[in-house]
Amino acid sequence: MRVGIIGAGSIGLLFAAYISRVLEVTIYTRTTEQATEINKNGIVLKKKGEQTISFVKSLPITEWKGAEDLTIIAVKQYQLHPIIGKIKQLPVIPNNLLFLQNGMGHLKQLETLPLTNISVGTVEHGALKVNSYTVTHNGEAMTNVAVFKGDSTLLSEFVLSAPIEFPLVLKADYFKMMENKLIVNAVINPLTAILQVKNGELIKNQYYLRVLKNLYSEISMILNIENAEEHQQQIIDICKNTSENRSSMLKDIEANRMTEVDAILGFILEEAQSRDMKAPQVENLYYLIKGKEMIKGANS
C-alpha cells in the first residue's frame, strides 16, 4: 500500500515516521525547502531519550497528484480550504482520503467532495515539531479512525498494517468518535490556552477545576451528551494522564499561529444557535481565544 501524507507539521511528521516502517510513504510539504530538508536528513523521531531516523520521499504539495492508495490529510482545520480546492481540481479523483483534524467544523467541507471513500480520525498522541524534519513523541496513545463516506475495505487494511507501537483503532460511528474528541478539546484546549498552563494544572488547581466542570456542564447540555458524568471523568483522567503536556491550542498561541477554535468552540456555538440555546461560557472563551490570535498577529 502506498500512503501519501499532506502536511509536515507535528502530526504529519509523526505519522510519516511510524507508518514508513511498514508501508511506502510520501510526505507532501507546504514549502520546497522543507521537502529538501526531509529528503536530506530523513524524519528524526525522538521518544523517551532515544532517536530514530526514517527516510521517506518528500515533495512539495504542488506535486501531489492523488495517486497513492491512501492519502492522509494532516493539516490544521483552517488550512483545509486550499487542500479541498486542490482535490476538486485533480484530473483523477483520489479514491481514499483520511482527514485528521481537530473539531467538527470541517465535516461540512468534506460533504462537498466527490470522492468514493472518505474517512476521518482523531489523534490522541502528543507530538511536538522541533524543526522541519524532527518531531518529538511526547505522549503515546492511539489514533481512532472511522468511515465518513464509502466503505471500510482499504481503511481496515491500513489499520491492520499499522505498526504495533503506533496503533490505529477502527470505530463504527464517525460522529460519536469525533464528538468524543470534540468534547475533550473544547474543555482542555481553550482553558489551557487562556490560562497558559499545562493540562494537569486544570485539575490540580481547585478553582481551575471548578471552571472546567462548569464549562463541561454547558457543553454537555448543548450537545445533549449521554452519560455526562462519564465524559467529565474522562476529561479529568486525560488531564491527569497528560499532566505535563501543553495542549495544541496553547502551543499555537505561544507560536503566534492561528488556532482551531473555529472548528472546536465555533462548531459548538453553531449547535447552540441551531437549538436556540445560550452558551455564555463557550462564547466568552471563543472570543478570548480570537482576541489572543489578534493580539499576537497569528498567522497560518
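So, here is what we can say about the structure in this document. Computed from a predicted model, the values in this text were never measured in an experiment. (Residues numbered from 1 in each chain as written. Predicted model: local features only at pLDDT ≥ 70, side-chain atom pairs only at ≥ 80, totals over all residues. Heavy atoms only, no water.)

**A look at empty space enclosed by the protein**
The condition is simple: Think of a 1 Å grid over just the protein atoms. A cavity is a set of points where a 1.4 Å probe fits yet cannot get out, a pocket is an open set with protein on both sides within 12 Å along at least five of seven lines, and lining residues have an atom within 4 Å of a point. Grid points are joined across faces, edges and corners, and a volume is the space filled by probe spheres set on the points. Under the scheme used here, helices are H or I runs from DSSP no shorter than 4 residues and strands are E runs no shorter than 2 residues, and both carry numbers assigned from the N terminus.
According to the stated counting rule, one finds one cavity of 30 Å³ or more in the structure shown. Size it by volume and the largest cavity reaches roughly 50 Å³. If you go around the largest cavity, the residues you meet are Leu70, Asn96, Leu97, Asn117, Ser119, Asp151, Leu154 and Leu155. Those elements that provide at least two residues to the lining of the largest cavity are β7 (96–99), β8 (117–123) and α5 (153–161).

**Brief notes about the packing of aromatic side chains**
Short version of the rule: In summary, the pairing rule links any two rings of Phe, Tyr or Trp, Trp by its six-membered ring, whose centres are within 6.5 Å, and it sorts them by plane angle into stacked for under 30 degrees, edge-to-face for over 60 and tilted for everything else. In this scheme, a residue with accessible area under 20% of its type's maximum is buried, one over 50% is exposed, and one in between is partly exposed, where area comes from a 1.4 Å probe on protein chains only.
One pass over the structure, following the stated rule, counts five aromatic pairs. On the basis of an interplanar angle of 70 degrees and a centroid distance of 5.4 Å, the ring pair of Tyr286 and Tyr287 is categorised as edge-to-face. We classify Tyr286 as buried; its relative accessible area is 15%. By the ring-pair criterion, three or more aromatic residues cluster together here, those being Phe15, Tyr18 and Phe166.

**A closer look at helix α6 (residues 174–195)**
How we decide: Here the expected length of a helix is defined as 1.5 Å per residue gap, with one fewer gap than residues. Nitrogen and oxygen atoms within 3.5 Å of one another constitute a polar contact, given that in protein one can donate a hydrogen and the other can accept it, and given that sequence-neighbouring residues count only through two side-chain atoms.
Here α6 is 22 residues long and its end C-alpha atoms lie 31 Å apart, about the 32 Å a rise of 1.5 Å per residue gives. With a side-chain oxygen lying 3.0 Å from the backbone nitrogen of Phe175, the N-terminal cap of α6 falls on Asp173. Just past α6, the residue Gln196 takes up positive phi, approximately 55 degrees.

**Thoughts on the environment of Thr192**
This is how the line gets drawn: Throughout, a residue-residue contact means that at least one pair of heavy atoms, one from each residue, lies within 4.5 Å.
With respect to the element layout, Thr192 can be found in helix α6. Here the alpha-carbon distance between Thr192 and Tyr208, two residues 16 residues apart in the chain, equals 9.7 Å. Those residues in contact with Thr192, other than ones at most four positions away along the chain, are Val197, Lys198, Asn199, Leu202, Ser247 and Leu250. Here the side chain of Thr192 touches Asn189 through a polar contact of 3.0 Å, landing on its backbone oxygen. Side-chain polar atoms of Thr192 contact the side chain of Ser247, separated by 2.7 Å.

**Describing the side chain of Glu218**
The line we're drawing: All tallies of charge rest on Lys and Arg as positive and Asp and Glu as negative; His and the ends of each chain are not included. Take a side-chain nitrogen of Lys or Arg and a carboxyl oxygen of Asp or Glu: if they are within 4 Å of each other, that pair is a salt bridge.
Within the secondary structure layout, Glu218 lies in helix α8 (residues 206–222). Buried charged residue Glu218 carries no salt bridge. Nearest counter-charge: Lys278, at 11 Å. Among the polar contacts made by the side chain of Glu218, one reaches the main-chain amide nitrogen of Gln281 at a distance of 3.1 Å. Setting aside its immediate chain neighbours within four residues, Glu218 contacts Ala279, Pro280, Gln281 and Val282.

**Structural notes on the nonpolar core**
Nonpolar side chains tend to gather and get buried jointly when the protein is soluble and globular. Short version of the rule: The set of buried Ala, Val, Leu, Ile, Met, Phe, Trp, Tyr and Cys residues whose side-chain atoms join them within 4.5 Å is what this entry labels a nonpolar core.
The biggest cluster of nonpolar side chains holds 58 residues, and the ones touching the most others in it are Phe99 and Leu110. Looking at this core element by element, the count peaks at ten residues for α6. Core analysis: the next-biggest nonpolar cluster, separate from the first, contains 36 residues, Ala16, Val25, Ile43 and Leu45 among them.

**Here we look at unusual backbone geometry**
Notably, Gln196 is not glycine yet its phi reads approximately 55 degrees, a positive angle. Note that Gln196 resides in the loop between α6 and α7 (201–204). Notably, Asn227 is not glycine yet its phi reads approximately 50 degrees, a positive angle. Mapping Asn227 onto the fold places it in the loop between α8 and α9 (228–241).

**Some remarks on the packing of α6 against helix α11 (residues 261–274)**
Between two packed helices, the angle of one axis relative to the other and the distance separating the axes together describe the packing. In plain terms, the rule: Interaxial angle, 0 to 180 degrees, is taken between N-to-C directions of lines fitted to C-alpha atoms, where a helix line uses only the stretch in contact. By the definition adopted for this analysis, an angle is roughly parallel if under 35 degrees, roughly antiparallel if over 145, roughly perpendicular if from 65 to 115, and oblique otherwise. For any pair of crossing helices, the crossing counts as left-handed if the nearer helix is rotated counterclockwise from the farther one by less than a right angle, and right-handed if it is rotated clockwise. Think of it as three bins: nonpolar holds Ala, Val, Leu, Ile, Met, Phe, Trp, Tyr, Cys and Pro, charged holds Asp, Glu, Lys and Arg, and polar takes everything else, Gly as well.
Viewed as axis vectors pointing N to C, α6 and α11 meet at an angle of 110 degrees, and their least axial separation amounts to 9 Å. With respect to their mutual orientation, α6 and α11 come out roughly perpendicular. Regarding α6 and α11, the two cross each other, and that crossing is left-handed. On the side of α6, the interface is formed by Leu182, Asn185, Ala186, Asn189 and Pro190, while α11 contributes Ala263, Ile264, Leu265, Phe267 and Ile268. For the contact of α6 with α11, the per-class residue count stands at eight nonpolar, two polar and no charged.

**So, the sheet that holds β7**
For clarity, the cut-off: Strands are treated as partners if at least two bridges between them are detected by DSSP.
The sheet built from eight strands is open, its strands ordered β5-β2-β1-β6-β7-β8-β11-β12 with mixed pairing. Two strands lie at the open edges of the sheet, namely β5 (57–60) and β12 (168–170), each paired on one side alone. For this sheet the average axis-to-axis angle between neighbouring strands, irrespective of direction, equals 25 degrees. Strand direction decides the pairing type here: strand β1 (residues 2–6) and strand β6 (residues 70–73), joined by four bridges, are parallel. Of the residues in β6, the one forming a bridge with Ile5 is Ile72. Lying over the sheet, helix α1 (residues 10–19) contacts β1, β2 (24–29), β6, β8 and β11 (143–149), oriented at roughly 165 degrees with respect to β2. Running over the sheet, α6 touches β8 and β11 and is turned about 30 degrees from β8.

Scope: geometric values only; no functional claims are made or implied.
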